[in-house]
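Examining the three-dimensional arrangement
Residue-level listing of the chains:
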Amino acid sequence: LSCFSCSREVFMVNFTIIYVGNIKDKFFADAVAEYEKRIKGFCKLKNIEIKEKRPPDEPNEAQIKAILDAEGEKILSSIPQGAYKIALCVEGKKVTSEALSKMLTELPHKGFSEAVFIIGSSHGLSDRVKRECDIRLSFSQLTFPHQLMRVLLLEVIYRCLNISKGTRYHK
């Protein structure tokens, strides 16, 4: 295990990001690679890509629900045993960077050595995935493309790691 540290103690936390769909645009891929490189200086980071199901043109609600349910089953079967599960969704709780850093830092005290962030497809996440997560987080009430959400999440994780370590990055 790699270390997630703060000024007084060392905590053991690893991160997994489960996301639906791949990144096709080079600028997103470059940003993801840069933040992954930075994060790996702090801790272990694992990525799990779930293939996005393509809906028909102008899908109805039942078709979208079926797609989300199928993606959700793949997401749930990919979650490491015993991990703290965080769903990223617009209706989730809004927290500050400092509050999220504190929450992640406290996970080992609650018996977790791994945090899993889950990013859904362009249609979001299934209700079952949201229910089975320990917390739902929202970065904004705005909707972002899931490729951009992955970049935003990596930046937030990197920021939280720096907050816990007390570096100047956060300032």
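Let me sum up the structure you'll find in this document.

Turning to the overall build of the chain, a few remarks are in order. Along the backbone of the chain there are five helices and seven strands. The N-to-C order of helical and strand elements in the chain reads β-β-β-α-β-α-β-α-β-α-β-α. Rg of the C-alpha trace for the chain: 16 Å, near the compact-globule value of 16 Å for 171 residues, within the 12% margin. Taken over the C-alpha atoms alone, the chain extends approximately 55 × 35 × 30 Å along its principal axes. The buried share of the chain, reckoned over its 171 residues, is 46%. Here the chain displays about 9,400 Å² of accessible surface, and carbon together with sulfur accounts for 50% of that area. Each charge class in the chain can be summarised by its mean position, and for the 27 positive and 21 negative side chains these summaries are 6 Å apart.

What follows covers the pattern of salt bridges. Going through the model one piece at a time under the given rule, you end up with 12 salt bridges. Glu34 is paired through a salt bridge with Lys37; the nearest N and O atoms lie 3.4 Å apart. In this pair, Glu34 and Lys37 are both assigned in helix α1 (residues 26-39), three residues apart and thus about one turn of the helix distant. Classification of Lys37 by relative accessible area gives exposed; the value is 57%. A single network of salt bridges, built from pairs that share partners, joins Glu34, Lys37 and Arg38.

A few words on helix α5 (residues 146-165). Between the first and last C-alpha of α5 there are 29 Å, a value that for 20 residues agrees with the 28 Å anticipated at 1.5 Å per step. Directly beyond the C-terminal end of α5, a positive phi value near 80 degrees is found at Gly166.

Our next topic: the sheet that holds strand β5 (residues 84-93). Ordered by their spatial adjacency, five strands build an open sheet running β4-β3-β6-β5-β7, and the pairing between neighbours is parallel. The open sheet has two free edges, formed respectively by β4 (45-50) and β7 (135-137), since each of these has just one partner strand. Each adjacent strand pair in this sheet contributes to an overall mean axis angle of 30 degrees, direction not counted. Bridge analysis of strand β3 (residues 14-20) against β4 gives six bridges, and the strand direction is parallel. Of the residues in β4, the one forming a bridge with Phe15 is Leu45. Contacting β3, β4, β5 and β6 (114-119), α5 runs over the sheet at an angle of about 170 degrees to β3.

This part is about a positive patch on the surface. On the surface, a cluster of positive charge is contributed by Lys24, Lys51, Lys53 and Lys74. Relative to the helices and strands, Lys74 is located in helix α2 (residues 61-78).

Taken as a whole, the largest pocket holds about 450 Å³ of empty space. Contributing to the lining of the largest pocket are 23 residues, with Leu88, Cys89, Val90, Gly124 and Thr143 lying nearest its centre. Looking at the lining of the largest pocket, the elements that each hand over two or more residues are β5 and α5. Sort the elements by how many residues they give to the lining of the largest pocket and β5 lands first, with four residues. Taken together, the residues that form the lining of the largest pocket break down as 11 nonpolar, 10 polar and two charged.

Right, let's talk about the side chain of Arg150 for a bit. Mapping Arg150 onto the fold places it in helix α5. Judged by relative accessible area, Arg150 falls into the buried class, the value being 8%. Here Tyr19 takes part through its side chain, which lies 3.5 Å from a polar atom of the side chain of Arg150. Filtering out sequence-adjacent residues up to four positions away, Arg150 remains in contact with Tyr19, Ile23, Val32, Glu36, Asn47 and Ile119.

Analysis parameters
Residues numbered from 1 in each chain as written. Predicted model: local features only at pLDDT ≥ 70, side-chain atom pairs only at ≥ 80, totals over all residues. Heavy atoms only, no water. Helix = DSSP H or I, 4+ residues; strand = E, 2+ residues; numbered from the N terminus. Rg over C-alpha atoms; globule rule 2.2 N^0.38 Å. Buried < 20%, exposed > 50% of the residue type's maximum accessible area, 1.4 Å probe, protein only. Areas by Shrake-Rupley, 256 points an atom, 1.4 Å probe, with all protein chains shown as cover. Lys, Arg positive; Asp, Glu negative; His and termini not counted. Charge placed at Lys NZ, Arg CZ, Asp CG, Glu CD. Salt bridge = Lys/Arg side-chain N within 4 Å of Asp/Glu carboxyl O. Expected span 1.5 Å × (residues − 1). Pairing = 2+ DSSP bridges. Axes fitted to C-alpha atoms, helices over the stretch in contact; angles between N-to-C directions. Contact = heavy atoms within 4.5 Å. Patch = residues over 30% accessible without salt bridge, like charges linked within 9 Å, V, L, I, M, F, W, Y side chains within 5 Å. 1 Å grid on protein atoms, 1.4 Å probe; cavity = no way out; pocket = protein on both sides within 12 Å on 5 of 7 lines; lining within 4 Å. Points joined across faces, edges and corners; volume = space filled by probe spheres on them. Nonpolar A, V, L, I, M, F, W, Y, C, P; charged D, E, K, R; others polar. Polar contact = N/O pair within 3.5 Å; in protein donor to acceptor, adjacent residues only side chain to side chain.

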